[in-house]
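Listed below are the residues making up each chain.
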Amino acid sequence: MNAENKMSLIFYAIGTIAGIVSGILSTQAQMGYIAGLLIYLLSPKVVIALVKDLPDELKDERILLRKGFWGFFLFWLYFTIFSYNLILQPEPKFYSNQSLLYNITKG
């Protein structure tokens, strides 16, 4: 496996972990999103430590942050919403008994 694939997988894994942490912390306070941001800012250090065969142009932390942003962000967003909804389990509120959702769920 080449270095860029390893880098992407590490960003996906870090995004998943950050999303779960952010989702759990967001159920208690709004600080969960800041925890995700802090994990994102620390992620290049993890990538540099784990991937020994990184090309020289990818050894800069700013370039790693730019290259790994979308992979991290999408995994973080998905797992934040997933874990948040898994813990709180919100239920829909019906404002009209004539809506389609009300008719589907209440039959």
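The notes below deal with the structure included here. Just so it is clear, the structure is predicted and the values come from calculations on it, not from any experiment.

1. Concerning the overall build of the chain
- A tally of regular secondary structure across the chain gives four helices and zero strands.
- Start at the N end of the chain and walk to the C end: the helices and strands fall as α-α-α-α.
- In terms of C-alpha radius of gyration, the chain reaches 19 Å, well past the compact-globule figure of 13 Å for 107 residues.
- Referenced to the eigenvectors of the C-alpha coordinate spread, the extents of the chain come out at roughly 60 × 30 × 20 Å.
- When contacts within the chain are restricted to residue pairs at least 6 apart in sequence, those whose partners lie at least 24 apart make up 64%.

2. Observations regarding the nonpolar core
- By size, the foremost hydrophobic cluster in this structure holds 15 residues, and its most contacted members are Met7, Val47, Val51, Leu54, Leu64 and Phe72.
- Contributions of two or more residues to this core are made by helix 1 (3-26), helix 2 (32-50) and helix 3 (61-88).
- The dominant element in this core, judged by the number of residues it contributes, is helix 1, at six residues.
- In this structure, Val47 is in contact with Met7, Ile10, Phe11, Leu54 and Leu64, ignoring residues within four places of it in sequence.

3. Description of unusual backbone geometry
- Unusually for a residue other than glycine, Gln89 sits at a positive phi of about 45 degrees.
- Mapped onto the fold, Gln89 is located in the loop between helix 3 and helix 4 (100-106).
- Classification of Gln89 by relative accessible area gives exposed; the value is 56%.

4. Describing helix 1
- Here helix 1 is 24 residues long and its end C-alpha atoms lie 34 Å apart, about the 34 Å a rise of 1.5 Å per residue gives.
- Inspection of helix 1 places Ala3, Met7, Ile10, Phe11, Ile14, Gly15, Thr16, Ala18, Gly19, Ser22, Gly23 and Ser26 among the buried residues, and these make up the whole buried set.
- Buried positions along helix 1 lie against helix 2 and helix 3.

5. Here's the deal with the packing of helix 2 against helix 3
- Contact pair helix 2 / helix 3: the axes reach a minimum separation of 9 Å and the direction vectors enclose 135 degrees. Relative to helix 3, the element helix 2 lies oblique. As for the relative orientation of helix 2 and helix 3, their crossing is right-handed in sense. Residues Tyr33, Gly36, Ile39, Tyr40, Leu41, Ser43, Pro44, Lys45, Val47 and Ile48 of helix 2 pack against Glu61, Leu64, Leu65, Arg66, Phe69, Phe72, Trp76 and Thr80 of helix 3.
- Looking at the contact of helix 2 with helix 3 residue by residue, the classes come out as 12 nonpolar, three polar and three charged.

Conventions we followed
Per chain, residues are indexed from 1 in the order of the written sequence. Local features in this predicted model are restricted to residues whose pLDDT is 70 or higher, and side-chain atom pairs enter the listing and the counts only when it is 80 or higher, whereas totals over whole chains, interfaces and linings include all residues. By convention in this description, side-chain values take in all heavy atoms of the structure and omit both hydrogens and water. In this description a helix means any DSSP run of H or I spanning at least four residues, a strand means any run of E spanning at least two, and both kinds are numbered starting from the N terminus. Radius of gyration: C-alpha atoms only; globule rule: 2.2 Å multiplied by the number of residues to the exponent 0.38. By the convention used here, residues are in contact when the closest approach between their heavy atoms is within 4.5 Å. We define a nonpolar core as any set of buried Ala, Val, Leu, Ile, Met, Phe, Trp, Tyr and Cys residues linked to one another through side-chain atoms lying within 4.5 Å. Using a 1.4 Å probe on the protein chains alone, a residue whose accessible area is under 20% of its type maximum counts as buried, one over 50% counts as exposed, and one in between counts as partly exposed. A helix is expected to span 1.5 Å for every residue after the first. Axis definition: a line fit to C-alpha positions, over the contact stretch in the case of helices; interaxial angles, taken between N-to-C directions, run 0 to 180 degrees. For classification purposes, angles smaller than 35 degrees are called roughly parallel, those larger than 145 roughly antiparallel, those between 65 and 115 roughly perpendicular, and all remaining angles oblique. By the definition used in this description, the sense in which the near helix is turned from the far one sets the handedness, with an anticlockwise turn below a right angle giving left-handed and a clockwise turn giving right-handed. Gly is placed with the polar residues, together with every amino acid not listed as nonpolar (Ala, Val, Leu, Ile, Met, Phe, Trp, Tyr, Cys and Pro) or charged (Asp, Glu, Lys and Arg).

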